[in-house]
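Okay, here's what each chain looks like letter by letter:
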Amino acid sequence: MRAAPPPSPPRRRLFFLITLAFPWLLLALVELGLRVGGYGSASPLFVAHPLQRDWLVVNPEAGRRWFRGSAFVPTPETDFFRASKAPGALRLFFMGESSAQGFPYGHGGMPSRMLEQRLQATFPGRDVEVVNTAFTAVNSFTLVDQAGEIADQAPDAVLVYAGHNEWY
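Below is a summary of the structure that appears in this document. (Residues numbered from 1 in each chain as written. Predicted model: local features only at pLDDT ≥ 70, side-chain atom pairs only at ≥ 80, totals over all residues. Heavy atoms only, no water.)

1. Looking at a nonpolar patch on the surface
And then number 1: A cluster of nonpolar side chains, namely Phe22, Leu26, Val30, Leu34 and Tyr39, defines an oily patch on the protein surface of about 520 Å² accessible area.
And then number 2: Among the structural elements, Tyr39 can be located in the loop between helix H1 (9–36) and strand S1 (46–48).
And then number 3: A relative accessible area of 58% means that Tyr39 is categorised as exposed. (Patch = residues over 30% accessible without salt bridge, like charges linked within 9 Å, V, L, I, M, F, W, Y side chains within 5 Å. Areas by Shrake-Rupley, 256 points an atom, 1.4 Å probe, with all protein chains shown as cover. Salt bridge = Lys/Arg side-chain N within 4 Å of Asp/Glu carboxyl O. Helix = DSSP H or I, 4+ residues; strand = E, 2+ residues; numbered from the N terminus. Buried < 20%, exposed > 50% of the residue type's maximum accessible area, 1.4 Å probe, protein only.)

2. Description of the side chain of Asn59
And then number 1: Residue position: Asn59 is located in the loop between strand S2 (55–58) and strand S3 (80–82).
And then number 2: Those residues in contact with Asn59 that sit more than four places away from it in its chain are Ser43, Pro44, Leu45, Phe46, Val47 and Pro76. (Contact = heavy atoms within 4.5 Å.)

3. Details of the pairing of S2
And then number 1: Pairing between S1 and S2: three bridges, direction antiparallel. For Val47, the partnering residue across the bridge sits in S2 and is Val57.
And then number 2: Pairing of S2 with S3, which is carried by three bridges, proceeds in the antiparallel orientation. Paired with Leu56 across the two strands is Phe81, which belongs to S3. (Pairing = 2+ DSSP bridges.)

4. Section: H1
And then number 1: Taking 1.5 Å of rise per residue, the 28 residues of H1 would be expected to cover 40 Å, and the 40 Å separating its terminal C-alpha atoms lies within 8% of that figure.
And then number 2: Maximum bend of H1: about 35 degrees, positioned at Ala21, with proline Pro23 one to four residues after it.
And then number 3: Burial of H1 is sparse: only zero of the 28 residues sit out of reach of the surface.
And then number 4: Once H1 ends, the next one or two residues include Gly38, with phi positive near 75 degrees. (Expected span 1.5 Å × (residues − 1). Bend = angle between axes of the 7 residues up to and from the residue.)

5. Considering helix H3 (residues 111–122)
And then number 1: An ideal rise of 1.5 Å per residue puts 16 Å on twelve residues; H3 measures up with 16 Å between its terminal C-alpha atoms.
And then number 2: Those residues of H3 not exposed but buried are Ser112, Arg113, Glu116 and Leu119. Taken down its axis, H3 places every buried residue within 130 degrees of arc, on the same side. Of the residues in H3, the exposed ones pointing more than 90 degrees away from the buried face are Gln117, Arg118 and Ala121. (Arc of directions from axis to C-beta.)

6. Quick notes on the packing of aromatic side chains
And then number 1: By the definition in use, this model includes five aromatic pairs.
And then number 2: Pairing Trp66 with Phe135 gives two aromatic rings, centres 5.2 Å apart and planes at 65 degrees, and the pair type is edge-to-face. Residue Trp66 is found in the loop between S2 and S3, and its partner Phe135 is found in the loop between strand S5 (128–132) and helix H4 (140–151); the two are separated by 69 residues along the sequence.
And then number 3: Given a relative accessible area of 21%, Trp66 falls into the partly exposed group.
And then number 4: Measuring from centroid to centroid gives 5.7 Å for Phe67 and Phe72, while their planes differ by 90 degrees, and the two rings are edge-to-face.
And then number 5: The exposure class assigned to Phe72 is partly exposed, which follows from its relative accessible area of 42%.
And then number 6: Through pairs of rings, three or more aromatic residues link up here, namely Phe46, Phe81 and Phe93.
And then number 7: One cation-aromatic arrangement involves Arg126 over Phe123; the distance from NZ or CZ to the ring centre is 5.9 Å. (Phe/Tyr/Trp six-rings, centres within 6.5 Å; stacked < 30°, edge-to-face > 60°. Lys NZ or Arg CZ within 6 Å of the ring centre and 35° of its normal.)

Read these as geometric descriptors, not functional statements.
Right, here's the structure in full:
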């Protein structure tokens, strides 16, 4: 029995290219299948206020991005802010988990509300917006997912109060 001759250099290059391309082709097909199948959601972090189109609000449905198909879907606090930042305005975003959302004290106990009141007292003539984007039961992966959309809103600062849920 005779051994097969080694493949020619052009044939070896072709097999090498197929080997490199196959995983990328497989990933592209999976991505295409997920998109055609409608997997995932398009829940932006901020949406236009239904009555005042020049104001944005934290999307009440944004929690579905991270709790898809779950019986529990966290909802954010209702925070409104101008779609276009006013000249001279101070805009801060507060990110985090249930503690940052004010749990168990509610709206008045949110650290972002206390900060907003303090900043308004410190800068009485300045427009101050402190937007709370905290959600119950989230971790740093959620915060990283929110970061790009928050950066698009031209914040002067972003405060993060998190870490409690990381060890779960």
